[in-house]
Amino acid sequence: MGVHGVKAVFFDLDNTLVDTAAAGRRAIEEVLLMGPYLLKVINTLQSKHHYAEGQARVICDKVQAKLLKECHDPAKMCITDLRISHWEEAIQETIGGEANRNLAAECYFLWKTTRLQHLTLAEDTRGMLTELRKGVRLLLLTNGDKQTQREKIEACACQPYFDAIVVGGEQKEEKPAPSIFHYCCDLLGVQPAECVMVGDSLDTDIQGGLNAGLKATVWLNKAMTTPVDTSPVPHYIISSVLDLPAVLQKMGHKMNAKLGTDHMAGSNE
């Protein structure tokens with residue numbers, strides 16, 4: 001079993017296999033549709049009714065910013081409490097008055113539920129994974145809080161396409177630590193030099209794959225932006241996860257060419 005010397009492919013989840021960022025944006029828009037409820041709360045605190053819609057947008061923008069800068073320590077606080085606090089702070093910063101934990105919780109759970117509803121594994125991605133799995137073993141490797149990531153995995157129903165699923169929040173270390181990659185290799189009974197890592201993050205997916213000594217790293221760069229010079233350098237760059245089979249073919253051509261060169265060198269000695 002194996003394709004061109006590759007026995008296993010590790011996939012990142014968020015913004016690699018599923019478009020988490022887009023789902024989050026759609027969920028924020030859904031929260032904004034809570035207009036009547038937000039308006040009711042704001043109106044009890046202020047008389048400037050006509051500012052309500054703009055304030056709702058400001059609240060949502062603040063929450064987005066807090067999520068991007070979020071540092072979560074599960075030993076100190078559960079992810080639910082932390083994210084309700086994001087909403088609570090954003091509401092208070094925007095409209096003043098007393099903190100409103102109930103409104104914050106309602107906004108958070110609406111956002112979370114809606115985001116999960118929009119997390120889908122596209123049909124063409126499912127097809128690609130199904131075909132790929134005929135030749136190699138597949139593993140899902142995602143960083144993040146265990147509850148949050150397991151909910152996403154359940155929501156997009158991706159379990160049947162993988163031989164194993166590893167969540168960073170359930171391990172001692174997350175990507176880019178070599179230990180979690182080596183744990184994945186042990187799970188599948190393969191060597192690092194037989195594995196490929198595919199992901200959208202240079203800092204965690206690509207750097208992690210390089211740290212662990214994997215055969216190759218494949219960076220999903222949807223915007224095809226040019227990384228800064230100090231960034232880790234991936235072996236391959238793709239603009240769509242559907243381009244991965246072509247990359248594996250390219251690896252095979254390189255390997256065959258090298259084998260041919262080695263054979264000729266051996267014959268000349």
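Basis of the calculations
Residues numbered from 1 in each chain as written. Predicted model: local features only at pLDDT ≥ 70, side-chain atom pairs only at ≥ 80, totals over all residues. Heavy atoms only, no water. Helix = DSSP H or I, 4+ residues; strand = E, 2+ residues; numbered from the N terminus. Buried < 20%, exposed > 50% of the residue type's maximum accessible area, 1.4 Å probe, protein only. Areas by Shrake-Rupley, 256 points an atom, 1.4 Å probe, with all protein chains shown as cover. Core = buried A, V, L, I, M, F, W, Y, C linked by side-chain atoms within 4.5 Å. Contact = heavy atoms within 4.5 Å. Polar contact = N/O pair within 3.5 Å; in protein donor to acceptor, adjacent residues only side chain to side chain. Salt bridge = Lys/Arg side-chain N within 4 Å of Asp/Glu carboxyl O. Pairing = 2+ DSSP bridges. Axes fitted to C-alpha atoms, helices over the stretch in contact; angles between N-to-C directions. Phe/Tyr/Trp six-rings, centres within 6.5 Å; stacked < 30°, edge-to-face > 60°. Parallel < 35°, antiparallel > 145°, perpendicular 65-115°, else oblique. Left-handed = near helix turned anticlockwise from the far one by under 90°. Nonpolar A, V, L, I, M, F, W, Y, C, P; charged D, E, K, R; others polar. Expected span 1.5 Å × (residues − 1).

(A) Representation of the overall build of the chain. Across its full length, the chain holds 10 helices and 6 strands. Within the chain, the proportion of its 269 residues that are buried is 45%. Summing over all exposed atoms, the chain offers an accessible surface of approximately 13800 Å²; the carbon and sulfur share of this is 53%.

(B) Region of interest: the nonpolar core. Judged by nonpolar contacts, the single largest core of 33 residues is most densely connected at Val 9, Phe 11, Phe 162, Val 196, Val 218, Leu 244 and Met 251. If you list the elements that add at least two residues to this core, you get strand S1 (8-11), helix H6 (123-132), strand S2 (137-142), helix H7 (146-156), strand S4 (195-199), strand S5 (216-220), strand S6 (236-238) and helix H10 (244-268). Per element, the largest residue contribution to this core is 4 residues, and it comes from H10. Excluding residues within four positions of it along the chain, Met 251 makes contact with Val 6, Val 196, Lys 215, Ala 216, Val 218 and Tyr 236.

(C) Local environment of helix H9 (residues 202-211). Among the residues of H9, those classed as buried are Leu 202, Asp 205, Ile 206, Gly 208 and Gly 209. Taken together, the buried residues of H9 touch helix H8 (178-188), S4 and S5. Its side-chain oxygen placed 3.3 Å from the backbone nitrogen of Asp 203, Ser 201 serves as the N-cap of H9. Immediately downstream of H9, the backbone of Gly 213 shows phi near 75°, a positive value.

(D) Seen up close, the pattern of salt bridges. With the rule as written, the count across this model stands at 16 salt bridges. Between Arg 101 and Glu 88 there is a salt bridge; the shortest N-O distance is 2.7 Å. Here the residue Arg 101 occupies a position in helix H5 (residues 101-118), and Glu 88 occupies one in helix H4 (residues 79-95), the gap between them amounting to 13 residues. The salt bridge involving Glu 131 is made with Lys 134; its shortest N-O contact spans 2.8 Å. The structure contains a network of salt bridges with shared partners spanning Lys 62, Lys 66, Glu 89 and Glu 93.

(E) Expanded view of the sheet that holds S2. If you walk across this open sheet you meet the 6 strands as S3-S2-S1-S4-S5-S6, and the pairing is parallel. At either margin of the open sheet sits one strand with a lone partner, and together these are strand S3 (164-167) and S6. With direction set aside, neighbouring strand axes in the sheet form an average angle of 20°. Note: S1 against S4, 4 bridges, orientation parallel. Bridge pairing links Val 9 to Val 196 in S4.

(F) Main features of unusual backbone geometry. The peptide bond linking Lys 175 to Pro 176 adopts the cis configuration, its omega dihedral lying at 15°. Note that Pro 176 resides in the loop between S3 and H8. Although it is not a glycine, Asn 15 adopts a positive phi angle of roughly 65°. Within the secondary structure, Asn 15 is located in the loop between S1 and helix H1 (20-32). Unusually for a residue other than glycine, Met 224 sits at a positive phi of about 50°. Counting through the fold element by element, Met 224 comes out in the loop between S5 and S6.

(G) Region of the structure containing the packing of aromatic side chains. For the structure on display, the rule yields 3 aromatic pairs. For the ring pair Tyr 108 and Trp 111, a centre distance of 6.2 Å and an interplane angle of 35° mean the geometry is tilted. One end of the pair is Tyr 108 and the other is Trp 111, both in helix H5 and 3 residues apart, which spans about a single turn. Of the two residues, Tyr 108 and Trp 111, neither departs from the other in class, the shared state being buried.

(H) Here's a closer look at the packing of H4 against H5. The geometry of H4 relative to H5 is characterised by a closest axis approach of 8 Å and an angle of 120° between their N-to-C directions. Classed by the angle they form, the pair H4 and H5 counts as oblique. Judged by the twist between their axes, the crossing of H4 over H5 is right-handed. Where H4 approaches H5, its residues Thr 80, Asp 81, Arg 83, Ile 84, Ser 85, Trp 87, Glu 88 and Ile 91 are matched on the opposing element by Arg 101, Leu 103, Ala 104, Ala 105, Cys 107, Tyr 108, Phe 109, Trp 111 and Arg 115. Its residues assigned to classes, the contact of H4 with H5 comprises 10 nonpolar, 2 polar and 5 charged.

(I) Representation of H1 within the structure. The end-to-end C-alpha distance of H1 is 19 Å, a good match for the 18 Å that 13 residues give at a rise of 1.5 Å each. Residues of H1 that are buried: Thr 20, Ala 22, Ala 23, Gly 24, Ala 27, Ile 28, Val 31 and Leu 32.

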